[in-house]
Amino acid sequence: MRVKATLILTTQQRTILWILLIVGLVVAFLADLLIGSSLIPLKEVLRILAGQEPENDVWQAIVLQFRLPKALTAVAVGMALAVSGLQMQTVFRNPLAGPYVLGISAGASLGVAILVMGVSSFLSFQTLMNLGNWLIVGAAWLGSALILVLILAVSLRVRDIMTLLILGIMFGSGASAIVSILQYFSSETLLKAFIVWTMGSLGGVSMQQLGILLPVVGVGLLMSLLSVKLLNVFMVGENYARSMGMNIRTTRILLFTSTSLLAGTVTAFCGPIGFIGIVIPHIGRMLFRTANHMVLLPGSMLLGAILLLISDIISQLPGTDSTLPINSITALIGIPIIIWLIIKNRRLNLMNS
Amino acid sequence: MEPGENNILSLQDVAIGYWDRQHKTVFEHINLSASEGELIALVGKNGVGKSTLLRTIARLQPELQGTILYRDKELSSYSRPLFARLLSFVSTEIVNIPNLSVFDFVALGRSPYTNGFGRLEKRDKQATLRAISQVGMGHMVHNNLTEISDGERQRIMVARTLAQDTPFIILDEPTAFLDLPNRYEIIHLLHELAREQNKTILFSTHDLSIALQEADKIWLLNKDQLHEGAPEDLILNNSFEQVFRSKLLTFDRRRGDFFMPKTLSSSVTLKNPNSLDDYWLRKALSRVGVAIDTDNSRVTSGLTIELLQHEPIQCKLKLPNEQEIEIRSFYQLNRLIRQFIDS
């Protein structure tokens, strides 16, 4: 008897899905520009974006200096986290892996903690703040680069990928332990400054910093798109990958470097933002019903950008002057989605049972 | 190596094992060969090093010593991408990735031929579809790997190696986890591929009787020795018996299979013996330790059986006290005999 293939999308269904996602991205992006403490009409936003004079100069300043960089950051961060999460889930063949399993965010936290709570005991905190958040970005970047170097050094010696996963978690825990010691000995003001950083923020990225963030994330995403074939072969296991002519070391270096570049940069500019990296690949698999990275990777990029834009809109608490930490919003959106996926499929539809 | 033989693969004094802090040798002095178009079964007890040997030939781990030649050139002289076009490998891992379709999975076999993005050209799609239909799964091209049975999945694993289009295929325990008919089917499929496409296929297995029936050659690994030859050669020179003999098992050379001999401590008299038809009756009685005696040489239980019909069985069991019981199944017969002997 011919078994009916129910789970695969037709080409037509897939095309419709792509169109919906692209439209969704545009709508979410515009909505993020409209909505905030004050609502700016769509017509005005479009005029500002087109470079024409709006009715209200304040609106122009809000959109161009505040909301546009924030929305662009959300798009870049959403894409970066979704893609690095997908890569880690595939490489480690683990449905709960995410951008931070290698210890990237712990490394970044360590860098920032040393800067905020360690170095500033010698300099005044005010001096640091005057230097702008470039220092924080640099410290976070150095911290995650340190972890990356450790992971790469180990990955050249260790054959077994599960050992690497455990080592990544250990490196992360080690970094967190040092962070705790720093926290214990630091003053209340500095502690709060650090805690605020860990809550994540899309709004702190200036247009000038976007000039760094966007190209670096762009390079990371390009590296991922070039790894589509490697990811597809890696998905079925390293033995198969090797027997199909892949060089495991080169592949690991490429994938770990692009993941660290993406996750490390995002963490440096916006703090550790959780759940996007874990949830988005699952939503992608569910919508596209495929494990093929040729589809899943661009799909996850679009979904990540959309979800982070929506999270940002919610975190603005539209109509009020206060803002919630973006990390709480992504968690509150992400957790129900994961629970729903688990209950619906009885297990996360990803890897070997 | 014998002269004039067309070897695709030969192992010369190879040692296999692992490079650890102190390197551990699993097996050494291996001399084996494989010819084009042969189906070769690798058999041996658990832990003797079958997987290690297969992985070494597939270049998933290095040999510790000796030379492995593929078409008269050392394995290491081939670049990995080129080697992927010469030898394909199926491991024991079950690939069961929920959102992966049969087509997408088999198409991965085209990786050595596709460009850097893994883009499938027309010839790759054709090769993939051909591979899937060659293993008889053409109707399931668009199903997901989770939707198919274990036997079908194993066929798909074979299809991927066909898409990879290599003259040499290695499979590590392709019959594990399968039920009996599926075991026969998958080995039969390998047998046909070796015949019709002149592929050399090497697989490890614990299914001796299937291997003996279908393989052109057996590589038999024992603790420190190694036998190579047609199944019949190894049966008749007692290699199998040496390797697998145990307290419980005896090798039946005529059938080429192992069986567990039973101690027969008692006997019944069969009133109307007919050696051809008594096969199943003897089998059933041997399980309760009872032989059929015609010459009264054994301790007799005093029971007599009169066969009335063979299929399905129908007989009369006569007790020493002349009481007769009508019997209509082997189950009933064995139950009564056990009750009688135990009391």
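Use the structure listed above.
Structural notes, computed from the coordinates. Please read all numbers here as calculations on a predicted model, not as lab measurements.

What follows covers the overall build of chain B. The number of helices and strands found in chain B is eleven helices and 17 strands. Taking 343 residues into account, the globule formula puts the C-alpha radius of gyration at 20 Å, and chain B, at 26 Å, lies well above it. Along the first, second and third principal axes, the C-alpha set of chain B runs to 85 × 45 × 40 Å. Burial analysis of chain B (343 residues in total) assigns 51% to the buried set.

What follows covers the overall build of chain A. Each helix and strand in chain A was counted, giving 15 helices and zero strands. In terms of overall dimensions, chain A is globule-like: its C-alpha atoms have a radius of gyration of 21 Å, near the 20 Å expected for 353 residues. Structurally, chain A occupies a C-alpha span of about 70 × 50 × 35 Å along its principal axes. Looking at chain A alone, contacts between residues at least 24 apart form 77% of all its contacts between residues at least 6 apart.

Okay, empty space enclosed by the protein next. Applying the stated criterion to the full structure yields four cavities of 30 Å³ or more. What the largest cavity holds in volume is close to 150 Å³. In terms of lining residues, the largest cavity is bounded by 16 residues, among which T92, E93, I94, Q154 and F177 of chain B are the most central. Here the element with the most residues in the lining of the largest cavity is helix α5 (residues 150-164) of chain B; it accounts for four residues. Its boundaries defined by the atoms lining it, the second largest cavity holds a volume of some 50 Å³. Put simply, the parts of the chain that give the lining of the second largest cavity at least two residues each are α11 (238-243) of chain A together with α2 (80-83) of chain B.

Our focus in this paragraph is the packing of helix α3 (residues 57-91) of chain A against helix α13 (residues 276-288) of chain A. All names here are of chain A. Where α3 meets α13, the axes come as close as 7 Å, and the angle between the chain directions of the two elements is 75°. Between α3 and α13, the interaxial angle falls into the category roughly perpendicular. Contacts from G78, L81, A82, G85, L86 and Q89 in α3 reach I276, G277, I278, I280, P281, H282 and R285 in α13. Across the contact of α3 with α13, the residue classes tally to seven nonpolar, five polar and one charged.

Residue and element names in this part refer to chain A. Within the sequence span of helix α2 (residues 42-49), burial applies to E44, V45 and I48. The buried side chains of α2 occupy one side of the element, clustering within an arc of 100° when seen end-on. Of the surrounding elements, those touching the buried residues of α2 are α1 (11-34) and α3. Looking one or two residues past α2, G51 carries a phi angle of roughly 85°, positive in sign.

Within this model, the largest pocket holds a volume of roughly 1,100 Å³. In terms of lining residues, the largest pocket is bounded by 35 residues, among which R159, E238 and R242 of chain A together with R55 and L60 of chain B are the most central. Residue classes in the lining of the largest pocket are distributed as 13 nonpolar, eight polar and 14 charged.

As a further point, take the packing of helix α4 (residues 104-118) of chain A against helix α7 (residues 161-185) of chain A. Relative orientation and spacing of two packed helices are given, respectively, by the angle between their axes and the distance between those axes. Residue and element names in this part refer to chain A. Running from N to C, α4 and α7 cross one another at 20°; their axes reach a closest spacing of 8 Å. The orientation of α4 with respect to α7, classified from their angle, is roughly parallel. Where α4 crosses over α7, the handedness of that crossing is left-handed. Residues A106, G107, S109, L110, A113, I114, M117 and G118 of α4 form the contact with α7, whose own contacting residues are G172, A175, S176, I178, V179, L182 and Q183. The residue inventory of the contact of α4 with α7, partitioned by class, reads nine nonpolar, six polar and no charged.

This paragraph deals with the interface of chain B and chain A. On the chain A side, the residues contacting the 41 residues of chain B number 36 residues. Both sides of the chain B and chain A interface together cover about 3,200 Å² of buried area, and 55% of this is carbon and sulfur. For the chain B face of the interface with chain A, the top three residues by lost area are I97, N99 and F117 of chain B, together amounting to 20%. Where chain B touches chain A, the interface holds one salt bridge. For R93 of chain A, the salt bridge goes to E93 of chain B, with nearest N and O atoms at 2.7 Å. Across the chain B-chain A interface, the total number found is nine residue pairs in polar contact (both at pLDDT 80 or more). Broken down by secondary-structure element, the contributors of at least two residues to the side of chain B that touches chain A are α2, β6 (87-90), α3 (102-107) and α5 of chain B. In the side of chain B that touches chain A, the residues fall into 17 nonpolar, 16 polar and eight charged.

All names here are of chain B. The antiparallel open sheet is built from four strands, whose spatial order is β2-β1-β4-β5. The outermost strands of the open sheet, each flanked by one partner alone, are β2 (24-35) and β5 (73-74). Pairing of strand β4 (residues 65-70) with β5, which is carried by two bridges, proceeds in the antiparallel orientation. Each bridged residue has a counterpart across the sheet, and for L69 the counterpart in β5 is E74.

On to unusual backbone geometry, then. Phi is mostly negative for residues that are not glycine, and the peptide bonds are mostly trans. Backbone geometry places R289 of chain A, a non-glycine residue, at a positive phi of 50°. By secondary structure assignment, the location of R289 of chain A is in the loop between α13 and α14 (293-315). For E173 of chain B, which is not glycine, the phi torsion reads 45° and is therefore positive. Structurally, the position occupied by E173 of chain B is in the loop between β7 (168-171) and α6 (180-197).

On to helix α10 (residues 228-235) of chain A, then. All names here are of chain A. The element α10 is extensively covered by neighbouring structure, given that eight of its eight residues are classed as buried. Considered for burial, the residues of α10 that qualify are V228, K229, L230, L231, N232, V233, F234 and M235. Summarising the contacts, the buried residues of α10 are in contact with α3, α9 (207-226), α11, α12 (248-270) and α14. Of the residues flanking the end of α10, it is G237, one or two places downstream, whose phi is positive at about 120°.

The next point concerns the sheet that holds strand β17 (residues 324-327) of chain B. All names here are of chain B. Overall, mixed pairing links the five strands, which are arranged β14-β13-β15-β16-β17 in an open sheet. Pairing within the sheet leaves two strands with one partner each, and these edge strands are β14 (290-293) and β17. Neighbouring strand axes in the sheet, compared pairwise and without regard to direction, differ in orientation by 30° on average. Two elements, strand β16 (residues 314-318) and β17, share four bridges in a ladder whose sense is antiparallel. Bridged to K318 within β17 is E324. Along the sheet, helix α10 (residues 279-287) makes contact with β13 (266-270), β14 and β15 (300-309), crossing β14 at roughly 140°. Of the strands in this sheet, β13, β14, β15, β16 and β17 are in contact with helix α11 (residues 330-342), which crosses β17 at around 150°.

The tally for this structure, following the rule as stated, stands at 16 salt bridges over all chains. Here R110 of chain B ties to D124 of chain B by a salt bridge, and the two come within 2.9 Å at their closest N and O atoms. One end of the pair, R110 of chain B, is in the loop between α3 and α4 (122-134); the other, D124 of chain B, is in helix α4, with 14 residues separating them in the sequence. Taking relative accessible area as the criterion, D124 of chain B reaches 0% and is therefore assigned buried. Each member of the salt-bridge network shares a partner with another, and the members are D32, K70 and D312 of chain A.

Rules behind the numbers
- Residues numbered from 1 in each chain as written.
- Chains lettered and ligands numbered in written order.
- Predicted model: local features only at pLDDT ≥ 70, side-chain atom pairs only at ≥ 80, totals over all residues.
- Heavy atoms only, no water.
- Helix = DSSP H or I, 4+ residues; strand = E, 2+ residues; numbered from the N terminus.
- Rg over C-alpha atoms; globule rule 2.2 N^0.38 Å.
- Buried < 20%, exposed > 50% of the residue type's maximum accessible area, 1.4 Å probe, protein only.
- Contact = heavy atoms within 4.5 Å.
- 1 Å grid on protein atoms, 1.4 Å probe; cavity = no way out; pocket = protein on both sides within 12 Å on 5 of 7 lines; lining within 4 Å.
- Points joined across faces, edges and corners; volume = space filled by probe spheres on them.
- Axes fitted to C-alpha atoms, helices over the stretch in contact; angles between N-to-C directions.
- Parallel < 35°, antiparallel > 145°, perpendicular 65-115°, else oblique.
- Nonpolar A, V, L, I, M, F, W, Y, C, P; charged D, E, K, R; others polar.
- Arc of directions from axis to C-beta.
- Left-handed = near helix turned anticlockwise from the far one by under 90°.
- Buried area = accessible area lost by both parts, 1.4 Å probe.
- Salt bridge = Lys/Arg side-chain N within 4 Å of Asp/Glu carboxyl O.
- Polar contact = N/O pair within 3.5 Å; in protein donor to acceptor, adjacent residues only side chain to side chain.
- Pairing = 2+ DSSP bridges.

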